[in-house]
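# Structural characterization, general
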Amino acid sequence: MRAETGERLLVVDDEPTVKELLSATLRFAGFTVTSADNGRQALEAARREPPDLVLLDVMLPDLDGFEVIRRLRTLPRGGGRPGPVPVLFLTARDGTADKINGLRLGGDDYVTKPFDLEELLARIRAILRRTGASPGTHTLTVADLEVDPDGLQVTRAGIPVRLSPTEFRLLHYLVENAGRVLPKAEILQQVWRYDFAGDSSIVDTYISYLRRKVDTGDPRLIHTVHGVGYVLRKPKR
């Protein structure tokens, strides 16, 4: 399967074998690929040609991947699209703390080396699908929460809320289905759109992020339905 829109990917890895293999695989799949050996090269490449997605190794010889993603957030995204550039972390680390840290900083997914190339391609396509197009054509409102799918903007009580692409997609899906209990498996499929079995714990992680950003005051809108999933519900009068 070849990419239909020529998305530009930036591969950042200091291991030449991994970088070259990954770059060749992505080019064969139809993507336009730029590569970098370290964090500073990655930032220069992103400034020169804004990417649609960054595949970012955590362990780099100068700036680590976590510092790189912080700086990437200040740069424009490929195609003039709104919002920060999506990031897929590549790392030999498999500790939960590292995964949570990467996601907390705005990473959209996390793959541990060694990885299966077909699985990696599926994850890349899933990220591009959910961040590449505007998911709706009108502002959605629940209580004092407003979600503008066209402008990728969120406000709560009139105050702008900054979300990562994945956080926005998750909130948009919750608001679209306000009042309906959504099983974790459904959220995983609709928001992450994995072409393989995904880990539903990522849903819990991102719900926690959303609660800290949009649901800290009253009324609380995001509710847990134990043993099932989550629901975004209008407050009772």
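Before any of the text, the structure's been laid out above.
Every value quoted in this text rests on a predicted model; they were computed, and no experiment measured them.

## A word on the packing of helix α7 (residues 184-192) against helix α8 (residues 201-214)
The geometry of α7 relative to α8 is characterised by a closest axis approach of 9 Å and an angle of 80° between their N-to-C directions. When the axes of α7 and α8 are compared, the pair comes out roughly perpendicular. Counting all contacts with α7, which are made through K184, I187, L188 and W192, the residues of α8 involved are I202, V203, D204 and Y206. For the contact of α7 with α8, the residue count by class is six nonpolar, no polar and two charged.

## Observations concerning the environment of K113
Considering the arrangement of structural elements, one finds K113 in the loop between β5 (109-112) and α5 (117-132). In contact with K113, not counting residues within four places along its chain, are D13, E15, V18, D57, L90, T91 and A92. A polar contact of 3.3 Å, which involves the side chain of K113, links it to the side chain of E15.

## Considerations on helix α6 (residues 165-176)
Two residues of an α-helix separated by three or four positions point the same way, owing to the 3.6 residues in each turn. Along its 12 residues, α6 runs 16 Å from first to last C-alpha, staying within 8% of the 16 Å computed at 1.5 Å per residue. Of all 12 residues in α6, 11 are buried; the element is thus mostly enclosed. Among the residues of α6, P165, T166, E167, F168, R169, L170, L171, H172, Y173, L174 and V175 are the ones counted as buried.

Conventions used here
Once a new chain begins, its residue numbering starts again from 1 and follows that chain's sequence as written. Residue-level local features of this predicted model are given only where pLDDT is at least 70; pairs of side-chain atoms are given and counted only at 80 or more, and the full residue set underlies all totals for whole chains, interfaces and linings. Hydrogens and water are ignored here; the side-chain numbers use all heavy atoms of the structure. Helix axes are fitted only over the stretch in contact, all axes being lines through C-alpha atoms; the angle between N-to-C directions runs from 0 to 180 degrees. Numbering of helices and strands runs from the N terminus; a helix is a DSSP stretch of H or I covering at least four residues, while a strand is a stretch of E covering at least two. We call two directions roughly parallel when the angle between them is under 35 degrees, roughly antiparallel when it is over 145, roughly perpendicular when it lies between 65 and 115, and oblique otherwise. We call two residues contacting when some pair of their heavy atoms lies within 4.5 Å. As a working rule, the residues Ala, Val, Leu, Ile, Met, Phe, Trp, Tyr, Cys and Pro are called nonpolar, Asp, Glu, Lys and Arg charged, and the rest polar, with Gly in that last group. Two N or O atoms count as a polar contact when they lie within 3.5 Å, although within protein this holds only if one can serve as hydrogen donor and the other as acceptor, and sequence-adjacent residues are included solely when both atoms are side-chain atoms. Take the residue count of a helix, subtract one, and multiply by 1.5 Å to get its expected span. Only protein chains enter the accessibility calculation, which uses a 1.4 Å probe; a residue whose area is less than 20% of its type maximum is buried, one above 50% is exposed, and one in between is partly exposed.

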